[in-house]
Amino acid sequence: AKEAGIAVGTVYLYFRNKHEVYTGVALDVGAMIASSFYTPSLLDLPFEQMPAAMAKAAFRVCHEHKNLVSLMQVDKQSPEEILLHKKSEERITQAIDAVLRHAVEQGELAPFNTEMYARILNLSAGAIFHQCFAIEQGEREELYLQYLTELVERLFFGPSLREGKKEPEHI
């Protein structure tokens, strides 16, 4: 209320309690992350540059709102809240899926289940953002960004984590 320059009572015209405020903030952060994936500068990149650019865009949002990232894991207390969070997660998943589908359509990636990969990437990144910003307060942000980017690049472009290792000899 203070940051918005309004009376506390005005907040409660829109939200019934603090938990609803927290939920609203969490949904807003999710919407900002999803929106960051639709920026023209990102969408015009070759796919090889997309994992790093998307990770940086999402980390930028989380960094700018690091005091709010912990709210993305707020307990869902009602079926309505579960549905709202599900829709928020779907927006992020759809944004990732759109990038992956575009890469497949352009022949940059072989066909695969882009929606499921997008969902898994979203869940993984969400856990990383929570650990990085909510638990560690952004202390190792650059390291998490580096390893998330590397993980996604390895997933789509190799080299495999096993590359370079000798296979065990069969007896």
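Residues numbered from 1 in each chain as written. Predicted model: local features only at pLDDT ≥ 70, side-chain atom pairs only at ≥ 80, totals over all residues. Heavy atoms only, no water.

Visitor: Please clarify how the packing of aromatic side chains should be interpreted in this entry.
Guide: Any two aromatic rings considered together are summarised by their centre-to-centre distance and by the angle between their planes. What the rule picks out here adds up to seven aromatic pairs. Arranged with centres 5.5 Å apart and planes meeting at 70°, the rings of Phe 47 and Phe 157 form a pair that is edge-to-face. Linking Phe 47 in the loop between α3 (40-43) and α4 (50-64) with Phe 157 in helix α7 (residues 141-157), this pair joins segments that are 110 residues apart in sequence. On the basis of relative accessibility, which here comes to 4%, the residue Phe 47 falls in the buried class. Residue classification places Phe 157 among the partly exposed residues on the basis of a relative accessible area of 33%. With a centroid separation of 4.8 Å and 70° between ring planes, the pair formed by Phe 112 and Tyr 117 is classed as edge-to-face. (Phe/Tyr/Trp six-rings, centres within 6.5 Å; stacked < 30°, edge-to-face > 60°. Helix = DSSP H or I, 4+ residues; strand = E, 2+ residues; numbered from the N terminus. Buried < 20%, exposed > 50% of the residue type's maximum accessible area, 1.4 Å probe, protein only.)

Visitor: It is not clear to me how the nonpolar core should be interpreted in this structure. Could you clarify?
Guide: Across soluble globular proteins, you tend to see nonpolar side chains buried next to one another. If you look at the biggest cluster of nonpolar residues, it comprises 35 residues, and the most contacted ones within it are Ile 33, Phe 37, Phe 59 and Phe 129. Breaking this core down by element, the ones donating at least two residues are α2 (18-36), α4, α5 (79-105), α6 (114-135) and α7. Here this core takes eight residues from α4, the largest share from any one element. Each residue touching Phe 37, except ones within four places of it in the same chain, is listed here: Leu 42, Leu 43, Met 54, Ala 58, Ile 92, Ala 95 and Ile 96. (Core = buried A, V, L, I, M, F, W, Y, C linked by side-chain atoms within 4.5 Å. Contact = heavy atoms within 4.5 Å.)

Visitor: What's the story with empty space enclosed by the protein in this structure? I'm lost.
Guide: Using a probe with the size of a water molecule, rolled over the atoms, empty space left in the structure can be pinpointed. On inspection of all chains with the given rule, the structure shows one cavity of 30 Å³ or more. Elements with a minimum of two residues in the lining of the largest cavity: α2 and α5. Of the residues belonging to the lining of the largest cavity, the class tally is three nonpolar, three polar and one charged. (1 Å grid on protein atoms, 1.4 Å probe; cavity = no way out; pocket = protein on both sides within 12 Å on 5 of 7 lines; lining within 4 Å. Points joined across faces, edges and corners; volume = space filled by probe spheres on them. Nonpolar A, V, L, I, M, F, W, Y, C, P; charged D, E, K, R; others polar.)

Visitor: Explain α2 to me, please; I cannot follow it from the model alone.
Guide: Over its 19 residues, α2 runs 27 Å from end to end, which matches the ideal 27 Å to within 8%, given 1.5 Å per residue. Every buried residue belonging to α2 is among His 19, Glu 20, Thr 23, Gly 24, Ala 26, Leu 27, Val 29, Gly 30, Ile 33, Ala 34 and Ser 36, and all of these are buried. Elements that come into contact with the buried residues of α2 comprise α1 (8-14), α3, α4, α5 and α6. Of the residues that open α2, the one with a side-chain oxygen 3.1 Å from the backbone nitrogen of His 19 is Asn 17. (Expected span 1.5 Å × (residues − 1). Polar contact = N/O pair within 3.5 Å; in protein donor to acceptor, adjacent residues only side chain to side chain.)

Visitor: Is there a simple way to explain the side chain of Ser 88 in this structure?
Guide: On the secondary structure map, Ser 88 appears in helix α5. A relative accessible area of 4% means that Ser 88 is categorised as buried. Not counting residues within four places of it along the chain, the set of residues in contact with Ser 88 comprises Leu 27, Gly 30 and Ala 31.

Visitor: Explanation requested: the packing of α2 against α5 in the structure shown.
Guide: In helix packing, the relevant descriptors are the interaxial angle and the interaxial distance, both defined with respect to the helix axes. As a packed pair, α2 and α5 sit with axes 8 Å apart at the nearest point and diverge in direction by 10°. Taken together, the axes of α2 and α5 lie roughly parallel to each other. Contacts between α2 and α5 involve His 19, Thr 23, Ala 26, Leu 27, Gly 30, Ala 31, Ile 33 and Ala 34 from the former and Glu 81, Leu 84, His 85, Ser 88, Arg 91, Ile 92 and Ala 95 from the latter. Considering only residue class, the contact of α2 with α5 consists of eight nonpolar, five polar and two charged. (Axes fitted to C-alpha atoms, helices over the stretch in contact; angles between N-to-C directions. Parallel < 35°, antiparallel > 145°, perpendicular 65-115°, else oblique.)

Visitor: Would you explain unusual backbone geometry in this entry?
Guide: Apart from glycine, the bulk of residues carry a negative phi angle, and the bulk of peptide bonds sit in the trans form. Even without being glycine, Gln 137 reaches a positive phi, approximately 55°. Here Gln 137 is to be found in the loop between α6 and α7.

Visitor: What exactly am I supposed to notice about the layout of surface pockets here?
Guide: Estimates place the volume of the largest pocket at around 630 Å³. Considering the residues around the largest pocket, the lining is formed by 23 residues, among which Ala 1, Glu 3, Val 11, Val 21 and Val 25 are closest to the centre. Listed by contribution, the elements that provide at least two residues to the lining of the largest pocket are α1 and α2. By residue number, the principal contributor to the lining of the largest pocket is α2, which donates eight residues. Looking at the lining of the largest pocket, its residues break down into 15 nonpolar, four polar and four charged. Roughly 530 Å³ of volume is contained in the second largest pocket. In this structure, the second largest pocket is lined by 31 residues; those nearest its centre are Leu 121, Asn 122, Leu 123, Ala 125 and Gly 126. At the level of elements, α4, α5, α6 and α7 are the ones that each hand at least two residues to the lining of the second largest pocket.

Interpretation note: all reported values are geometric properties and have no functional meaning in isolation.
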